Amino acid sequence: MTFDFDTVLERRGTDSQKWQKYAGKDILPMWVADMDFVSAPPIIEALQRRVAHGVFGYARPAASEVEAVVTAVERNYGWRIDPSWLVWLPGLVCGLNVTSQAFAQPGEEVLALTPVYPPFMTAPKNSGRVSVTVPFMLNEGQRRWEIDFVALDRAVTPRTRLFFLCNPHNPLGRVFRRDELLRLAEFCVRHNLILCSDEIHCDLILDAIPHVPTATLGAEIAARTVTLMAPSKTYNVPGLGTSFAIISDPKLRTTFVRATAGIVAEVTNLGYAACEAAYRDGEPWRQALLAYLRGNRDFMHRFVEANLPGVRVEAPQEATYLAWLNVSALGLADPIGHFEKYGIGLSDGAFFGEPRGLHVRLNFGCPRSTLEEGLKRMEKAVKGRLKAEG
Ligand SMILES: Cc1ncc(COP(=O)(O)O)c(C=O)c1O
């Protein structure tokens, strides 16, 4: 079966957060993490069937919807989960906030590794908890971002309660290997921390690297892990607000569910319908998407190397459609403002917990022609900067 990822869709004038940011301006949005692709055909058909039914009452997942999730998790990762372990959520950011409130008290600390998706740092702060961050280390020789376990140990205090892991990692695009995860699990057990493992990007691995859900590493770590997953990023349905936590330990699950009470909205009928179709029938589309994204990634890397002096890809990108680009050699005080002037809207590295001016994040989940246009605009921006400097 073939799928069309090349057609450029008109998203201007729609309810798209990504495109509204630059309404009325000639700026290509390559920031927030959704893709400029139509979702998988089975999802659209399932939504059309559900809409044709015409009744949209309060929802509970049907048995077939739960079954689709349980089967996909076992098929993809060999992880047999019990349906009772699932807690449905309208989003993963919501899951990060609930986890902070459930397992840390005001003033207590939540550890994360930076750079990282901003809600890993803001979720604790939203409810008076404290975010503590430890930077990744770049192993230049091996071209690999690595966890600084020594610094992690040093960052733990008597008030540390939680560790937030992003795997695969946004924005570094890393897929953590079993040995690294075992070390992290040992770290959490040794310091008596609850682990929140955000695995939203686990179905977007571009190379032949297995995803290892942290909770599968052993009984001890499973008993202290909240895993967060969703079909949203992979199948381009984040606007449908359908995600879930997997929590095998009954006490942990009860504490988590209690923290959601009266605050967290229900998942909708349409969200459940899309989720079932994605996990049950979306695999051919996902494989085609991965091949297309791999092509985009390789195209982007070649372009950066050939045409963007002063921009560097520091390590191979193994997962996600989000590229982390080092622009520090350009010496820009406001990289985003500079690139916007040349018609391309990127994400500021500073939002990911590092000083401004070092990195930008580029979303290449778009048709190849859009990516090419965006990169050409970056080229003008880079050359404009170098000329001004020189
Ligand atoms: C690691 C990670 N977690 C969570 C989210 C967002 O999750 P949601 O839209 O379900 O709140 C993103 C979006 O980019 C992400 O990259």
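Rules and cut-offs
Residues numbered from 1 in each chain as written. Predicted model: local features only at pLDDT ≥ 70, side-chain atom pairs only at ≥ 80, totals over all residues. Heavy atoms only, no water. Helix = DSSP H or I, 4+ residues; strand = E, 2+ residues; numbered from the N terminus. Buried < 20%, exposed > 50% of the residue type's maximum accessible area, 1.4 Å probe, protein only. Core = buried A, V, L, I, M, F, W, Y, C linked by side-chain atoms within 4.5 Å. Contact = heavy atoms within 4.5 Å. Salt bridge = Lys/Arg side-chain N within 4 Å of Asp/Glu carboxyl O. Pairing = 2+ DSSP bridges. Axes fitted to C-alpha atoms, helices over the stretch in contact; angles between N-to-C directions.

This part is about unusual backbone geometry. Backbone phi values are negative for most residues with the exception of glycine, while trans is the configuration of most peptide bonds. In this chain, Thr114 is followed by Pro115 through a cis amide linkage whose omega measures 0 degrees. Looking at the element boundaries, Pro115 is found in the loop between strand E3 (109-114) and helix H5 (119-126). Although it is not a glycine, Asn236 adopts a positive phi angle of roughly 55 degrees. Within the secondary structure, Asn236 sits in the loop between helix H9 (232-235) and strand E10 (243-246). Relative accessible area serves as the criterion here: at 13%, Asn236 is assigned to the buried category. You will see that Thr320, though not glycine, has its phi angle at about 75 degrees, which is positive.

The next subject is the nonpolar core. The biggest cluster of nonpolar side chains holds 51 residues, and the ones touching the most others in it are Leu325, Phe339 and Leu362. Considering each element in turn, this core owes the most residues, 9 residues, to helix H12 (residues 283-307). Discounting chain neighbours no more than four positions away, the residues touching Leu325 are Met300, Val304, Val311, Arg312, Val313, Leu358, His359, Val360, Leu362 and Met378.

Opposite charge on two side chains lets them pair, provided their charged atoms get close. Inspection of every chain in the model, using the stated rule, returns 27 salt bridges. Of the charged contacts in the structure, one is a salt bridge between Glu276 and Arg280, with a shortest N-O distance of 2.6 Å. One end of the pair, Glu276, and the other, Arg280, are both in helix H11 (residues 269-281), 4 residues apart, so they sit about a helical turn from each other. Owing to a relative accessible area of 10%, Glu276 belongs among the buried residues under this scheme. Here Arg286 and Glu283 are joined by a salt bridge, their closest N and O atoms 2.9 Å apart. Here Arg286 and its partner Glu283 are both found in helix H12, 3 residues apart, which amounts to about one turn of the helix.

The 3 strands are arranged E11-E14-E13 in an open sheet whose pairing can be described as antiparallel. Each having just a single partner strand, strand E11 (322-326) and strand E13 (347-348) make up the two edges of the open sheet. Examined bridge by bridge, E13 and strand E14 (residues 359-363) share 2 bridges and lie antiparallel to one another. Of the residues in E14, the one forming a bridge with Asp348 is Val360.

The 7 strands are arranged E2-E10-E9-E8-E7-E3-E4 in an open sheet whose pairing can be described as mixed. Each having just a single partner strand, strand E2 (86-89) and strand E4 (130-135) make up the two edges of the open sheet. Strand-to-strand twist across the sheet, computed as the mean angle between neighbouring axes with direction ignored, equals 25 degrees. Where strand E7 (residues 160-166) and strand E8 (residues 194-198) come together, 5 bridges link them in parallel fashion. Pairing of Leu165 across the sheet is with Ser197, part of E8. H5 rests against E3, E4, E7 and E8 of the sheet, and its axis sits at about 160 degrees to E4.

Distances and angles like these do not, on their own, reveal function.
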